[in-house]
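A look at the structure
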Amino acid sequence: NTVDTADVVRRIKKGTYGALGGALFLDDVKEKPDLYGAFWGCATLVFVVAMGGNFADYLESMSGSGSSSKKRMMMRRLLEEEGNVPPPPSPVSAPPARVDAKEPWQFDVTKVSQCAAMTYAYVFLFPLSLYLVKRCYAGVRSASYTALVCLYGYSIMSYIPASILCIFPVETLRWVAVMTACAVSSASLFRNVDALLKGESGNAKAMAIAKGMGVAIVGANVIFAIALKELFFRF
């Protein structure tokens with residue numbers, strides 16, 4: 001089924017901050033789920049994470065070289081003020097000169113393939129396991145596999161602004177941004193899947209596995225968020 005720009009924008013809103021309330025995402029895509037938003041949402045996240053991770057790495061390398069030289073200069077000045085400047089080493093005991101040539105910064109192209117593999121596997125394979133459990137074990141026939149992929153593809157877009165904030169070399173800001181995006185995405189996923197399972201009146205199996213599936217959904221999303229932070233924004 002085809003979707004227009006208005007559909008995509010509305011689904012982005014419901015897949016991200018729509019987790020706070022309002023109509024359910026799966027109710028909106030019940031008639032015509034799409035893979036357009038899921039595919040391009042993943043592609044956008046891959047681009048932002050790969051480019052942002054490399055740029056953050058570049059900033060860290062520049063600040064790291066500058067800060068180390070500043071520390072050496074400050075230490076030298078303190079020793080000179082206290083009169084404890086160590087004498088130059090004698091030629092006999094001096095170790096051979098060693099020059100540590102700092103390698104120039106290079107763009108890490110592997111970040112693109114790594115992020116693409118992780119993101120697309122999470123968005124397209126994990127919903128498959130949810131679909132098989134709800135269909136084969138719980139007996140819930142509503143919501144197709146395409147609808148679940150659509151849900152994951154739109155909910156993952158909350159990580160895009162978080163990845164942009166991770167460019168700034170502030171570790172606390174990075175963790176807060178990633179965990180906030182994880183909370184928003186997890187709330188959207190949990191709210192929709194929980195309502196999907198509990199909406200089957202009289203289905204005891206669906207009610208029984210609703211909590212377990214909710215824990216699995218949130219746990220997998222937390223693992224994805226931590227992997228995103230540690231693999232691409234840790235220096």
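Residues numbered from 1 in each chain as written. Predicted model: local features only at pLDDT ≥ 70, side-chain atom pairs only at ≥ 80, totals over all residues. Heavy atoms only, no water.

**Focus on the packing of helix H5 (residues 145-155) against helix H7 (residues 171-198)**
Defined as follows: For helices, the fitted axis covers only the stretch in contact; all axes are lines through C-alpha atoms, and the angles between them, taken along N-to-C directions, range from 0 to 180 degrees. Secondary structure elements are defined from DSSP: runs of H or I of at least 4 residues count as helices, runs of E of at least 2 residues count as strands, and each element is numbered from the N terminus. By definition in this entry, angles of less than 35 degrees are roughly parallel, angles greater than 145 are roughly antiparallel, angles of 65 to 115 are roughly perpendicular, and the rest are oblique. Here is the rule for handedness: rotate from the far helix to the near one, and if that takes an anticlockwise turn smaller than a right angle the crossing is left-handed, while a clockwise turn gives right-handed. Note on contacts: a residue pair qualifies if any of its non-hydrogen atoms lie within 4.5 Å across the two residues. Residue polarity is assigned by list, with Asp, Glu, Lys and Arg as charged and Ala, Val, Leu, Ile, Met, Phe, Trp, Tyr, Cys and Pro as nonpolar; anything else, Gly included, falls into the polar class.
Viewed as axis vectors pointing N to C, H5 and H7 meet at an angle of 160 degrees, and their least axial separation amounts to 9 Å. Of the possible angle classes, the one that applies to H5 and H7 is roughly antiparallel. Between H5 and H7 lies a crossing of right-handed hand. Between H5 and H7, the contacting residues are Leu151, Tyr152 and Ser155 on the first element and Ser185, Ser188, Leu189, Asn192 and Val193 on the second. Its residues placed into classes, the contact of H5 with H7 shows four nonpolar, four polar and no charged.

**Remarks on the packing of aromatic side chains**
So the rule is basically this: Each Phe, Tyr or Trp ring, with Trp reduced to its six-membered ring, pairs with another whose centre is within 6.5 Å; inter-plane angles below 30 degrees give stacked pairs, above 60 give edge-to-face pairs, and intermediate values give tilted ones. Buried, partly exposed and exposed residues are distinguished by accessible area as a fraction of the type maximum, computed with a 1.4 Å probe on protein chains only: under 20%, between the cut-offs, and over 50%, respectively.
Throughout the structure, instances matching the rule amount to eleven aromatic pairs. A centroid spacing of 6.4 Å and a plane angle of 20 degrees characterise the contact between Phe55 and Tyr58, whose relative ring orientation is stacked. Of this pair, Phe55 and Tyr58 both sit in helix H3 (residues 36-82), three residues apart, which is roughly one turn of the helix. A relative accessible area of 32% places Tyr58 in the partly exposed class. Judged by centre distance (6.2 Å) and plane angle (25 degrees), the ring pair of Tyr122 and Phe126 falls under stacked. Taken as a pair, Tyr122 and Phe126 lie in helix H4 (residues 110-137) at a separation of four residues, close to a single helical turn. Of the residues examined, Tyr122 reaches a relative accessible area of 9% and is grouped as buried.

**Description of the pattern of salt bridges**
In plain terms, the rule: Just to be clear on terms, a salt bridge is a Lys or Arg side-chain nitrogen sitting within 4 Å of an Asp or Glu carboxyl oxygen.
Summed over the entire model, instances satisfying the criterion amount to ten salt bridges. Residue Glu171 pairs with Arg174 through a salt bridge whose shortest N-O separation is 3.5 Å. Here Glu171 and its partner Arg174 are both found in helix H7, three residues apart, which amounts to about one turn of the helix. Judged by its relative accessible area of 36%, Glu171 is partly exposed. Taken together, the salt bridges that share partners define one network made up of Asp7, Arg10, Arg11, Lys14, Asp28, Lys32 and Asp34.

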